[in-house]
Amino acid sequence: MNESIFDTPVSIQIAQLRQTLNAYAHRYYVQDDPSVPDAEYDRLFAQLQALENSHLEFLTPDSPTQRVGGKAIDQFSSVRHALPMLSIRTETDTSAAGAENFDARIRRELGLMPIDAAVVYVAEPKFDGLAINLRYEQGVLVQATTRGDGETGEDVTHNIRTIGQIPLRMCEAGQGRAVPPIPHVLEVRGEIYMRRDDFEALNERQRQKIAAGAKGERIFVNPRNAAAGAVRQLDPTLTAQRPLSFFAYGLGEVSPSAEGGPAFETHFDLLQTLKQWGFPVSALVNRACGATELVAYYNAIGQQRDGLGFDIDGVVYKVDSLAWQRQLGFVTREPRWAVAHKFPAEEQLTTVLAIDVQVGRTGKLTPVAKLAPVFVGGVTVTNATLHNEDEARRKDVRVGDTVVVRRAGDVIPEVVRVVMPVEPSPHLERGVVFGMPHVCPVCASVAVREQGEADYRCTGGLFCSAQRKQAILHFAQRRAVEVEGLGDKLVDQLVDDGLIQTLPDLYRLDQTALANLDRMADKSALNMLEALQKSKQTTLPRFLFGLGIRHVGEATAKELARHFGHLDAIMAATEEQLQKVADIGPIVAKSLRTFFDQPHNCEVVAQLRACGITWSEGEPLLQALTPLSGKTFVLTGTLPTLDREEAKALIESAGGKVSSSVSKKTSFVVAGTEAGSKLDKALSLGVPVIDEATLKAMV
Ligand code: IVH
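First, a word on scope: everything that follows refers to the structure included in this document. (Residues numbered from 1 in each chain as written. Predicted model: local features only at pLDDT ≥ 70, side-chain atom pairs only at ≥ 80, totals over all residues. Heavy atoms only, no water.)

## Examining the sheet that holds strand 13 (residues 338-342)
And step 1. Read from one edge of the open sheet, 5 strands run 2-13-10-3-9, paired in mixed fashion. With partners counted over all chains shown, the strands left at the sheet margins are strand 2 (89-91) and strand 9 (286-289), one partner each. Sheet twist, expressed as the mean angle between neighbouring strand axes with direction ignored, is 35°.
And step 2. Here strand 3 (residues 120-127) runs beside strand 10 (residues 312-319); their pairing, made up of 7 bridges, is antiparallel. Within strand 10, the position partnered with Glu124 by the bridge is Val316.
And step 3. Packed on one face of the sheet, helix 3 (residues 97-109) meets strand 2, strand 3, strand 10 and strand 13 and runs near 170° to strand 13. (Pairing = 2+ DSSP bridges. Helix = DSSP H or I, 4+ residues; strand = E, 2+ residues; numbered from the N terminus. Axes fitted to C-alpha atoms, helices over the stretch in contact; angles between N-to-C directions. Contact = heavy atoms within 4.5 Å.)

Written as structure tokens, this is what we have:
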């Protein structure tokens, strides 16, 4: 803002502030690329609020100040849609045929011949949220309605206004931007959804509220339910606390601008224009030519599905040409020009046959539900984790229950919740409440739950055959020293028959012992000996990772090897020295020290080396002067001695990075006095907050 603004009439000042704030908000919410620090937005926002408060005659509903603070209502009013909100025909065949049948049908219905060119489609993700109709008059949001039965929906305008990604006013041409004129009436249709990280953070807050004794709070089952619940709140301040997002995918009623138009020819162009008007359109939307490209799109999106950040349950194909769409028309409530091609469902119902407790490599006891086999997420599932005692209790899963199981991508299948019968029968008794055993189910050693930890652990260590087996499998896996062909069946036998007590015993096996095992012939015994021989030549990171030290994953093992060069140096390092390694904090350092302070662990290392395990050792990293490397900091408020630039220089000199906005990736927020919204954000995301003194100590 320049000086001259103070000479400008209030109405113009207000208009300019709104325009600037809308532009900033668009960058922040829609493009996910903030152009100014939060503080600058807050400053202008406060200015606008002050001007509006002293000039109520200029207050309009499309002002950025009017997103929150609406009053709660008693009930929703129903609204008849100007144009019905249709549904899409669903293709549940999850093979290529799903796309091919659609293309064949479209070609037939358009009367195309085999020699005619491929039909152009637009392929989009099928977002798993809820449909919304946003009505803009002269570019201003006047009403938002849910789909309802397709003819009549509910007026949820007060809630939708709180969603930052939804423009209260459409972006117009200006400042060199050529944007099609804004129609007199424009209804934008799209999906309200909740991002997975927002969903997790929301549930974390809910858990804390419940733990603090709050009444009437609940954990949400999935992002879609959380989003739907948020949109149907009577009190918009509650909606505002639930982070919602939006993607536009189509139009409802449109009546042209005074200049006429815009006259779209294709669905794709229409989406591009919506983007220019300020609506979020998914970057995954693409044109696809003919069945082959539809299939390629289906497969590509299926691959990316787990990493998208939000849930989708399939893809949608739409004929691109709007003239062809009109020609194809509708059957009952579904357009003939679109189809939804579903992915394999990620949730299914099944019954719990038993609840077992498994012992992991580090002794962790995990309750696992044994299930009647069910096809979910593309594979048959018979086991699903219940995570730990608290989770199992919270979900109150019992033998005989009908449960929802979920398997998303590569993650371990989990029991989401129990489905209670609609009419509980008094004769049908449920199983007993699950309780964690207080002794290890494998070795009967005491199982303890440390204060502040969620897990019970078997205290048997390598005395426990379950832990021994897991330790061997961990050491032998591909990412560690890799003993080809050493799988769980073989390890079970080796341990159960007493052939292996500790890791080095692996290298003392001989052919006779191996050939005597079940399903092992001379040939396979020889192969195993060869694989063991081959595994002896390894690398330091693989060996370190293979030892299975708590908190030492592959990346940490690599950093340790890079930093120290030699195993002996790592084994001798103090906790302080270990913490100089990138990404190693006090917990990992302590765990390493504890491991190498146990004489039996050092003995295992010595014996493995004596058995012939070798690697080439490198040079230690000389400049261990980057204690903050890999860490990202956000500064907020006024620090006692350093100014912004000095703090930034200090962090960067130690190898850290400084960023202007807080996200889950932020390592630390350094807060001083009068810290603002960044501090709130850090607290809500669980990002650690430190003060200047701590920062200095870290450096
Ligand atoms: S187009 C005439 N596109 O799927 C077609 N719908 O049965 C109107 N949905 O609940 C809808 N992603 O909210 C369309 N890319 C997408 C979509 C999508 C999700 C939802 C929609 C509705 C259902 C349609």
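## Description of the packing of aromatic side chains
And step 1. One pass over the full model with this rule turns up 15 aromatic pairs.
And step 2. Members of the aromatic cluster, each reached through a chain of ring pairs, are Phe127, Tyr193, Phe247 and Phe310. (Phe/Tyr/Trp six-rings, centres within 6.5 Å; stacked < 30°, edge-to-face > 60°.)

## Details of the site of the ligand
And step 1. Taken together, 13 residues are adjacent to the ligand, and Ile88, Glu124, Glu191, Tyr249 and Lys318 come closest.
And step 2. Taking Lys126, its side chain carries an N or O atom lying 3.3 Å from an oxygen atom of the ligand.
And step 3. A distance of 2.6 Å separates an oxygen atom of the ligand from a polar atom in the side chain of Tyr249.
And step 4. Counting residues per element, the ones that place at least two in the shell around the ligand are strand 3 and strand 10.
And step 5. Residue contributions to the shell around the ligand peak at 4 residues, all from strand 3.
And step 6. By residue class, the composition of the shell around the ligand is 8 nonpolar, 1 polar and 4 charged. (Near = heavy atom within 4 Å. Polar contact = N/O pair within 3.5 Å; in protein donor to acceptor, adjacent residues only side chain to side chain. Nonpolar A, V, L, I, M, F, W, Y, C, P; charged D, E, K, R; others polar.)

## Brief notes about the sheet that holds strand 5 (residues 140-146)
And step 1. The 4 strands are arranged 5-4-7-8 in an open sheet whose pairing can be described as antiparallel. Unpaired on one side and paired on the other, strand 5 and strand 8 (245-255) mark the two borders of the sheet. Between one strand axis and the next, the sheet turns through 25° on average, direction left out of account.
And step 2. Taken together, the 8 bridges between strand 7 (residues 185-193) and strand 8 define a ladder with antiparallel strand orientation. In the sheet register, Gly190 faces strand 8, and the bridge partner there is Ala248.
And step 3. Its contacts with the sheet place helix 8 (residues 267-276) against strand 7 and strand 8, and it is angled at close to 110° to strand 8.

## Re helix 21 (residues 599-610)
And step 1. The terminal C-alpha atoms of helix 21, which comprises 12 residues, lie 16 Å apart, in line with the 16 Å expected from a rise of 1.5 Å per residue.
And step 2. Of all the residues in helix 21, the buried ones are Asn601, Val604, Val605 and Leu608. Along helix 21, the residues classed as buried sweep out an arc of 95° about the axis, all on the same side. Summarising the geometry of helix 21, the exposed residues directed more than 90 degrees from the buried face are Pro599 and Ala610.
And step 3. Looking at the buried residues of helix 21, the elements they touch are helix 12 (465-476), helix 16 (540-546), helix 18 (567-572) and helix 20 (586-597). (Expected span 1.5 Å × (residues − 1). Buried < 20%, exposed > 50% of the residue type's maximum accessible area, 1.4 Å probe, protein only. Arc of directions from axis to C-beta.)

## As for the nonpolar core
And step 1. The biggest cluster of nonpolar side chains holds 53 residues, and the ones touching the most others in it are Leu486, Tyr507, Leu560 and Phe596.
And step 2. By residue number, the principal contributor to this core is helix 20, which donates 5 residues.
And step 3. Those residues in contact with Tyr507 that lie beyond four places of it in its chain are Phe475, Val481, Val483, Leu532, Ser535, Lys536, Leu608, Cys611 and Ile613.
And step 4. Counting residues in each nonpolar core, the second largest holds 40 residues, with Phe76, Ile192, Leu244 and Phe268 among its members. (Core = buried A, V, L, I, M, F, W, Y, C linked by side-chain atoms within 4.5 Å.)

## Some details on the pattern of salt bridges
And step 1. Scanning all chains against the criterion turns up 45 salt bridges.
And step 2. A salt bridge links Arg43 to Glu40, with the shortest nitrogen-to-oxygen separation between them at 3.0 Å. In this pair, Arg43 and Glu40 are both assigned in helix 2 (residues 38-54), 3 residues apart and thus about one turn of the helix distant.
And step 3. A relative accessible area of 41% places Arg43 in the partly exposed class.
And step 4. Assessed through its relative accessible area of 24%, Glu40 is described here as partly exposed.
And step 5. Between Arg593 and Asp597 there is a salt bridge, with its nearest N and O atoms 2.9 Å apart. (Salt bridge = Lys/Arg side-chain N within 4 Å of Asp/Glu carboxyl O.)

## Overview of the environment of Glu40
And step 1. In the structure, Glu40 is positioned 217 residues away from Ser257 in sequence and 35 Å away in space, judged by C-alpha atoms.
And step 2. Within polar-contact distance, the side chain of Glu40 engages the side chain of Arg43 at 3.0 Å.

## Concerning the side chain of Lys536
And step 1. Turning to its location among the elements, Lys536 is positioned in the loop between helix 15 (522-535) and helix 16.
And step 2. Here Lys536 is buried and forms no salt bridge, its nearest opposite-charge partner Asp505 lying at an N-O distance of 13 Å. (Lys, Arg positive; Asp, Glu negative; His and termini not counted.)

## Overview of the packing of helix 3 against helix 9 (residues 290-304)
And step 1. The contact between helix 3 and helix 9 brings their axes to 9 Å, and the two run at 150°. It follows from the interaxial angle that helix 3 and helix 9 lie roughly antiparallel. Note on packing geometry: the crossing formed by helix 3 with helix 9 is right-handed. For the pair formed by helix 3 and helix 9, the contact residues are Ala99, Glu100, Phe102 and Asp103 on the first element and Gly290, Ala291, Leu294 and Val295 on the second.
And step 2. In the contact of helix 3 with helix 9, the residues fall into 5 nonpolar, 1 polar and 2 charged. (Parallel < 35°, antiparallel > 145°, perpendicular 65-115°, else oblique. Left-handed = near helix turned anticlockwise from the far one by under 90°.)

## Re the packing of helix 1 (residues 10-30) against helix 2
And step 1. At a closest axis distance of 10 Å, the pairing of helix 1 and helix 2 adopts a crossing angle of 150°. In terms of orientation, helix 1 lies roughly antiparallel with respect to helix 2. Considering how the two elements wind past one another, helix 1 and helix 2 form a crossing that is left-handed. Side by side, helix 1 and helix 2 meet where Val10, Gln13, Ile14, Leu17, Arg18, Thr20, Leu21, Tyr24, Ala25 and Tyr28 of the first sit next to Asp38, Glu40, Tyr41, Leu44, Phe45, Gln47, Leu48, Leu51 and Glu52 of the second.
And step 2. Of the residues that constitute the contact of helix 1 with helix 2, the class distribution is 12 nonpolar, 3 polar and 4 charged.

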